[in-house]
Amino acid sequence: MKLAKPDHKVLAQEKHKQELVESGELRRVCENIDVDGDRMITSEEFVAAYQTNKKLRAHFAVLGLDISDAKVFFDTLAGDDDAPEIDIEVFIKHCMRLKGAATSIDLHHFQVENRLACRRQQEFIERCGGRIERLAARVAHLAAVLHRREQGSSARDFEHGHHRRRRQRPTARGGATYTRIRPGASPKA
């Protein structure tokens, strides 16, 4: 009776051996895709090879990778980097992860990652919204202060019967600043 039960260690070793064989075959296929021999697969190399090579399509089908759009598949493997090329070993690793049907654990992991990303994005939006509101309040305050100053200086100038004259004075940075010239005073050169 004990002989009829499969040993879990033996099954795990067989599965590991099978994965090594599959990844070795995939490595040979990828080396054929890599036309320029730089150990990197570009989007163009992959799409061209997938469209023209029946053996390549069959190999991916045997792995359980049903690729309906080679460009989308490549972009999915490239991930967040939007990289124009992927190292062959990284490409193989991603393909081996994607092979076969998605398990419930894979789907749960995806859901958890998606929830975390949504939460981070919401927190970022709230932080930005708060900062924008504070900046808008500061700008409104500065605009009110400037408006009051302009109103006050116009009234004083009008009462004294003259308008403020300004002259340009160079600054150390090469820009200019404006200074008030008092009525009756001679402007300095």
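Residues numbered from 1 in each chain as written. Predicted model: local features only at pLDDT ≥ 70, side-chain atom pairs only at ≥ 80, totals over all residues. Heavy atoms only, no water.

- In the annotation of an unreviewed UniProt entry, the chain is listed under the name EF-hand domain-containing protein and assigned to Prorocentrum cordatum.

1. Points about the overall build of the chain
Right, on to step 1. The helix and strand tally for the chain stands at six helices and four strands.
Right, on to step 2. Along the chain, from the amino end to the carboxyl end, the secondary structure elements read α-β-α-α-α-β-α-α-β-β.
Right, on to step 3. Counting over 189 residues, the chain shows a buried share of 20%.
Right, on to step 4. Restricting the contact set of the chain to residue pairs at least 6 apart, pairs at least 24 apart contribute 47%. (Helix = DSSP H or I, 4+ residues; strand = E, 2+ residues; numbered from the N terminus. Buried < 20%, exposed > 50% of the residue type's maximum accessible area, 1.4 Å probe, protein only. Contact = heavy atoms within 4.5 Å.)

2. Quick look at the UniProt feature "domain: EF-hand" (unreviewed entry) in the chain
Right, on to step 1. If you check UniProt for "domain: EF-hand" (unreviewed entry), the listed places come out as residues 21–56 in our numbering.
Right, on to step 2. For residues 21–56, helix accounts for 72% and strand for 8%, while the C-alpha atoms at its two ends are 16 Å apart. (UniProt positions renumbered as here; feature names shortened; annotations may be inferred.)

3. Some thoughts on the side chain of Thr 42
Right, on to step 1. Within the secondary structure, Thr 42 is located in strand β1 (residues 40–42).
Right, on to step 2. With a relative accessible area of 15%, Thr 42 lands in the buried category.

4. Some details on the packing of aromatic side chains
Right, on to step 1. Within the structure shown, the criterion is met by eight aromatic pairs.
Right, on to step 2. Between Phe 46 and Phe 60, the aromatic rings sit 5.8 Å apart at their centres with planes inclined by 85°, giving edge-to-face as the arrangement. Of the two residues, Phe 46 is situated in helix α2 (residues 43–52) and Phe 60 in helix α3 (residues 54–62); the sequence distance between them amounts to 14 residues. Summarising the burial analysis for this pair, Phe 46 and Phe 60 share the class buried.
Right, on to step 3. A centroid spacing of 6.1 Å and a plane angle of 70° characterise the contact between Tyr 50 and Phe 60, whose relative ring orientation is edge-to-face. Residue Tyr 50 is located in helix α2, and its partner Phe 60 is located in helix α3; the two are separated by 10 residues in the primary sequence.
Right, on to step 4. The class for Tyr 50 is buried, based on a relative accessible area of 9%.
Right, on to step 5. Take Phe 60: its relative accessible area is 0%, and that puts it in the buried class.
Right, on to step 6. Each member of the aromatic cluster is reached from another via a ring pair, and the members are Phe 46, Tyr 50, Phe 60, Phe 73, Phe 74 and Phe 91. (Phe/Tyr/Trp six-rings, centres within 6.5 Å; stacked < 30°, edge-to-face > 60°.)

5. A short note on the side chain of Glu 45
Right, on to step 1. With respect to the secondary-structure elements, Glu 45 resides in helix α2.
Right, on to step 2. Not counting chain neighbours up to four residues away, the residues in contact with Glu 45 comprise Ile 33, Asp 34, Val 35, Asp 36 and Met 40.

6. Let's talk about the confidence of the model for the chain
Fine structural detail should not be taken from predicted coordinates in areas where pLDDT scores are low.
Right, on to step 1. Overall, the prediction assigns the chain a mean pLDDT of 78, with 73% of residues at 70 or greater.
Right, on to step 2. Strand β3 (residues 165–170) is the least confidently modelled element of the chain, averaging 53 in pLDDT, while α2 averages 90, the highest of any element. (pLDDT = per-residue confidence, 0-100.)

7. Description of unusual backbone geometry
Right, on to step 1. Of note, Arg 39 is a non-glycine position whose phi angle comes to about 65°, a positive value.
Right, on to step 2. Inspection of the secondary structure puts Arg 39 in the loop between α1 (8–33) and β1.
Right, on to step 3. For Arg 39, a relative accessible area of 36% gives the class partly exposed.

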